[in-house]
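Residue strings, one per chain:
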Amino acid sequence: MNSTVNKYDFYDDEIVKKFVIATVCWGLIAFLVGLVVALQLADWRFNFGLPWITFGRLRPLHTNAAIFAFAGNAIFAGIYHSSQRLLKARLSSDLLSNLHFWGWQLIIVSAALTLPFGYTTSKEYAELEWPIDIAITIVWVIFAVNFFLTIKNRKEQHIYVAIWFYIATIITVAVLHIVNSIAIPVTFLKSYPVYAGVQDALVQWWYGHNAVAFVLTTPFLGLMYYYIPKAVNRPVYSYRLSIIHFWSLVFIYIWAGPHHLLHTSLPNWAQSLGMVFSLMLWAPSWGGMINGLLTLRGAWDKIRTDPVVKFLIAAVTFYGMATFEGPLLSIKSVNSLAHYTDWIIGHVHAGALGWNGFLTFGMLYYLVPKLWKTNLYSVKLATTHFWIGLLGIILYIMAMWASGITQGLMWQAMDDSGNLLYPDFVETVIRLVPLYYVRFVGGLLFLLGFLIQIFNLTATVLQANKEKVKDPVAKGSRIPFKDVISESSHRSLEGLPAVFSTLVVIAVLVASAFSLIPALFTPTKMSAKSIIRPYSPLELVGRDVYIREGCYLCHSQQIRTMSSEVLRYGPASTMEESIFDHPFQWGSKRTGPDLARIGKKYPDLWHYRHMMDPREVTPKSLMPAYAWLAKDKISFDLIPKKLRIMQQLGVPYSEYEIDNSIETAQMQAATIAKELHEHGAPSGLEKTEMVALIAYLQSLGQMSIKPLEVK
Amino acid sequence: MNILFLLIPIATGIGIAGVIAFIYAVRKGQFDDLSTPAYRILVDESERKIDELDSK
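Residues numbered from 1 in each chain as written. Chains lettered and ligands numbered in written order. Predicted model: local features only at pLDDT ≥ 70, side-chain atom pairs only at ≥ 80, totals over all residues.

**Q** Would you mind going over the overall build of chain A with me for this structure?
**A** Helix and strand counts for chain A come out as 27 helices and 2 strands. A compact globule built from 711 residues would reach a C-alpha radius of gyration of about 27 Å, and chain A, at 27 Å, matches this within 12%. Principal-axis analysis of the C-alpha atoms places the extent of chain A at approximately 90 × 55 × 45 Å. When each of the 711 residues of chain A is scored for burial, the buried share is 54%. A separation threshold of at least 6 residues defines the contact pool for chain A, and within that pool the share at least 24 residues apart is 84%. (Helix = DSSP H or I, 4+ residues; strand = E, 2+ residues; numbered from the N terminus. Rg over C-alpha atoms; globule rule 2.2 N^0.38 Å. Buried ≥ 20, exposed ≤ 12 C-beta atoms within 10 Å, placed from the backbone. Contact = placed C-beta atoms within 7 Å.)

Put into structure tokens, the structure is as follows:
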């Protein structure tokens, strides 16, 4: 017998434990922040007048925490646990595993430290600024190298379907993240994306949709194909179907992104393409759901007794529901009712709470006793968690369906003579407030269930035997690529050259994209100059304030090609109108009205009073006050740099305009401040962000040099 | 809409990579046996040892 224990004879479960603990901790934060933003929508007073916890700044924190911190860590825990067993090999390098773990936690912490302070790109689910984007790329490459080297070292010839799902996740997320995040830095925490307007919208929703596909779907399907069979101790219903499920998802998902832009100024054929591919997703998604459910054949009784099975099967059912609803919402006529409303929020949460949440909870109930070598502390508490959580989800999504359909119908309602029945937008919002409270209660129950789980899992860990028992690597038939396993430190370092070479390749790709992409767009922008003028320096500053405060999270800037929209907001938005918008601000949700043509609709003083206290001009408004804008000062010295970068991106600013941009901005600010003061506002506003934001808002829809024809 | 010159090649590229990966996997015999892998994951030597450790 060997006296020295070779660690490569055992699975690395320490890293899995770390990711499990991180999942639980970040899950708690993600759900708590979600609860706060839900409350803020029900009553605007719940930001307590503090800028860094207003809805516009907290919502990105909630979505990023839920997707990348909670679901992200859960994926890593599940992937590292299941892959080692499926490949019959220890993870290739402890060093890479730990770099991956700590790097990822550092990224999450930096997200939590930047988003509340308004450092955001405003691209949904990709809000993090450029230094953090680079860190994500590096950590993701470390993860990829660690994972692929483990595949190389595997002792099992056949690659189980779960591994295929993980591979697709790793590769596609890398491509999506890099393409969507390409931006030019202005300062350490501010950048402008290279894409603008409709192009930016298309890239963003190509990313956004596939983030759902390859962060929240494919890895979780991989986990499903491992943990359901393990939990019920039965092979998957049809292994053949699982392979078909995988390959068809991989080919179809990537084309469905444009369904986020239906009835917008995106060319019609691209919209139809997105819709057709979305409808095609029905088949593989339901094939996968049925495959997961039927794995229980002959063991259905386990749903009654085993909380792990309860959670996993409910999760798969929610997967089926959400993937039925998704293609349904992609049908143009359904979308015209549902888009910009809470229906979408309900749809997303059926997926996030039901599918991702419950699958993670089930996996945790399975993993924690296994990892700590004990039994679950209380089955009864886990069952209680299940029912409370399920009730929470049902309340949540039903409230959002009701709210979304109500508001969608009210927006479109017309009387016999063709006038809007509810021309006042705020009427359509206050109707939803009771449902927002129902949603809050739903979220509260979901969180309560999770607290029970935290207690249950903690008690499980505490009762565990402190003796360290490690799982030995199972014997396999395949001779691994590197069968000489040495304890020397070089093995833990061998992954690093691979990390560096991949990073070099990425750097080269990004650099080439940088030189290529602006060149692709410039000609279109030059021709647009004759119809649309670029933003004035002050308007550009105001636009950055708009982005910082997350206004796009409640206000769209895209009037759809529907008669009710044109009646309410004016002519449908055109492609040219957002051609200088780096980044685009079309938005995806209307808790407030569309702002694409808000410019010159109200006097400056109206905007001032509205920002100081929205209820002064719109009684019953849900919008929080933004009084700090009247105090925060504009950084005028940054303006020339901002214009210069815009010029590099193809926005036609002349050298003269850039050289004199500070003076131009100060003059425009002084004019607005003077007029505000004349009408009763306090003096001295000319250096504040308030005037910049007003300048920007007054420019919206007023940028065309040639008047737009009403369609 | 010049962005399509970037997005369509990338999306097609991912698709082609998928086809190549699929053909490669088929040639390597990954899909020759589509019944035993589903059972094999259930037989895990190490976990049998844990069950023995469990005091029931």
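**Q** How should the overall build of chain B be read in this particular structure?
**A** Of the regular secondary structure elements, chain B holds 3 helices and 0 strands. Across chain B, helices and strands are ordered from the amino to the carboxyl terminus as α-α-α. Relative to its full complement of 56 residues, chain B shows a buried share of 12%.

**Q** Looking at this model, I keep getting lost on helix α3 (residues 94-114) of chain A. Mind explaining?
**A** Because each turn of an α-helix spans 3.6 residues, side chains separated by three or four positions in sequence point in the same direction. All names here are of chain A. Here α3 spans 30 Å end to end across 21 residues, near enough to the 30 Å set by a 1.5 Å rise per residue. Within α3 the residues assigned to the buried category are Leu96, Ser97, His100, Phe101, Trp104, Ile107, Ile108 and Ala111. The buried side chains of α3 occupy one side of the element, clustering within an arc of 140° when seen end-on. Seen from the buried face of α3, the exposed residues on the opposite side, beyond 90 degrees, are Trp102, Val109 and Leu113. (Expected span 1.5 Å × (residues − 1). Arc of directions from axis to C-beta.)

**Q** What is the right way to read the interface of chain B and chain A from this model?
**A** Many structure descriptions define interface size as the accessible area lost when the parts assemble. In this assembly, 26 residues from chain B lie in contact with 38 residues from chain A. Of all the secondary structure elements, the ones that give two or more residues to the side of chain B that touches chain A are α1 (4-27), α2 (36-40) and α3 (45-53) of chain B. The residue makeup of the side of chain B that touches chain A, split by class, is 18 nonpolar, 6 polar and 2 charged. (Nonpolar A, V, L, I, M, F, W, Y, C, P; charged D, E, K, R; others polar.)

**Q** Teacher, can you tell me more about the pairing of strand β1 (residues 183-187) of chain A here?
**A** Residues in a regular strand project their side chains so that they alternate between the two faces of the sheet. Residue and element names in this part refer to chain A. Relative to strand β2 (residues 190-193), β1 runs antiparallel, the two being bridged by 4 bridges. Along β2, the bridge assignment pairs Ile184 with Tyr192. Taking the residues that link successive antiparallel strands as the turn, the β1-β2 hairpin has 2 residues. (Pairing = 2+ DSSP bridges.)

**Q** Sorry if this is basic, but what is going on with the nonpolar core here?
**A** Inside soluble globular proteins, nonpolar side chains tend to come together where they are buried. Residues and elements named next belong to chain A. One finds Leu312, Ala315 and Ala692 to be the most contacted residues of the largest nonpolar core, which totals 221 residues. In terms of residues, this core owes the most to one element, helix α2 (residues 55-87), which gives 17 residues. Split by domain, the residues of this core number at least three in each of domain 1 (7-467 + 486-497) and domain 2 (529-699). For Leu312, the contacting residues outside a window of four places in its chain are Tyr227, Ile228, Ala231, Leu359 and Gly362. (Core = buried A, V, L, I, M, F, W, Y, C linked by C-beta atoms within 7 Å. Domains from an automatic or database assignment.)

**Q** Where do I start with the domain arrangement of chain A in this structure?
**A** Residue and element names in this part refer to chain A. Under the domain assignment, chain A is made up of domain 1 (7-467 + 486-497) and domain 2 (529-699). The C-alpha-based centres of domain 1 and domain 2 are spaced at 34 Å. Of the residues lining the interface, 41 residues belong to domain 1; the matching set on domain 2 comes to 46 residues. When contributions to the side of domain 1 that touches domain 2 are tallied by element, the ones reaching two or more residues are α2, β1, β2, α6 (197-215), α15 (379-412) and α16 (425-430). At 5 residues, the largest contribution of residues to the side of domain 1 that touches domain 2 is made by α2.

**Q** Help me understand unusual backbone geometry in this model?
**A** Residue and element names in this part refer to chain A. A cis amide bond, omega -5°, links His582 with the succeeding residue Pro583. Its location among the elements puts Pro583 in the loop between α21 (563-569) and α22 (604-612). Its identity is not glycine, yet Ser122 carries a phi of approximately 70°, on the positive side. Here Ser122 falls in the buried class, since 24 other C-beta atoms lie within 10 Å of it. A positive phi angle is found at Tyr340, which is not glycine, with a value near 70°. Along the chain, the position of Tyr340 falls in the loop between α13 (332-338) and α14 (342-371). Under the C-beta neighbour-count criterion, Tyr340 is labelled buried, with 24 such atoms within 10 Å.

**Q** What's the story with the confidence of the model for chain A in this structure? I'm lost.
**A** Low pLDDT marks regions whose predicted coordinates should not be analysed in detail. Considering every residue of chain A, the mean pLDDT works out to 91; 93% of them sit at 70 or more. Between residues 707-711 of chain A, whose pLDDT stays under 50, and residues either more than four places distant or in other chains, the model counts 4 contacts. (pLDDT = per-residue confidence, 0-100.)

**Q** Explanation requested: the environment of Ile393 of chain A in the structure shown.
**A** All names here are of chain A. In this structure, Ile393 sits in helix α15. When the 23 C-beta atoms within 10 Å are taken as the criterion, Ile393 is described as buried. With 46 residues separating them in the primary sequence, Ile393 and Arg439 have C-alpha atoms 8.9 Å apart. Ile393 has contacts with Leu353, Gly354, Gly442 and Phe446, leaving out every residue within four places of it along the chain.

**Q** Sorry, what's going on with the packing of α22 of chain A against helix α26 (residues 661-678) of chain A here?
**A** For any two helices packed against each other, the geometry comes down to the angle between their axes and how far apart the axes lie. All names here are of chain A. Their axes nearest at 9 Å, the elements α22 and α26 cross at an angle of 80°. For the element pair α22 / α26, the angle class is roughly perpendicular. Only Ile672, Glu675 and Leu676 of α26 make contact with α22, whose side of the interface consists of Asp604, Leu605 and Tyr608. (Axes fitted to C-alpha atoms, helices over the stretch in contact; angles between N-to-C directions. Parallel < 35°, antiparallel > 145°, perpendicular 65-115°, else oblique.)

**Q** I tried to follow the packing of helix α10 (residues 282-294) of chain A against helix α12 (residues 307-330) of chain A on my own but got confused; where do I start?
**A** Residues and elements named next belong to chain A. Axis separation between α10 and α12 bottoms out at 9 Å; the angle between their running directions is 165°. With respect to α12, the axis of α10 lies roughly antiparallel. In this structure, α10 meets α12 at a crossing whose hand is left-handed. Contacts between α10 and α12 involve Trp282, Ser285, Trp286, Met289, Gly292 and Leu293 from the former and Ile313, Val316, Tyr319, Gly320, Thr323 and Pro327 from the latter. Its residues placed into classes, the contact of α10 with α12 shows 8 nonpolar, 4 polar and no charged. (Left-handed = near helix turned anticlockwise from the far one by under 90°.)

**Q** What am I meant to see in the environment of Lys620 of chain A here?
**A** Residues and elements named next belong to chain A. Mapped onto the elements, Lys620 comes out in the loop between α23 (614-617) and α24 (639-648). Accessibility expressed as a C-beta count within 10 Å gives 12 for Lys620, which makes it exposed. Separated by 192 residues in sequence, Lys620 and Thr428 place their C-alpha atoms 11 Å apart. For Lys620, the residues in contact, after removing those within four places along its chain, are Val426 and Ile430.

**Q** What's the story with the environment of Ala630 of chain A in this structure? I'm lost.
**A** Residues and elements named next belong to chain A. Position of Ala630 among the secondary structure elements: in the loop between α23 and α24. Taking the number of C-beta atoms within 10 Å as the measure of exposure, Ala630 has 18 and is therefore partly exposed. Along the chain, Ala630 and Met690 lie 60 residues apart, while their C-alpha atoms are 5.1 Å from each other. Excluding anything up to four places from it in sequence, Ala630 contacts Met612, Leu685, Thr688 and Met690.

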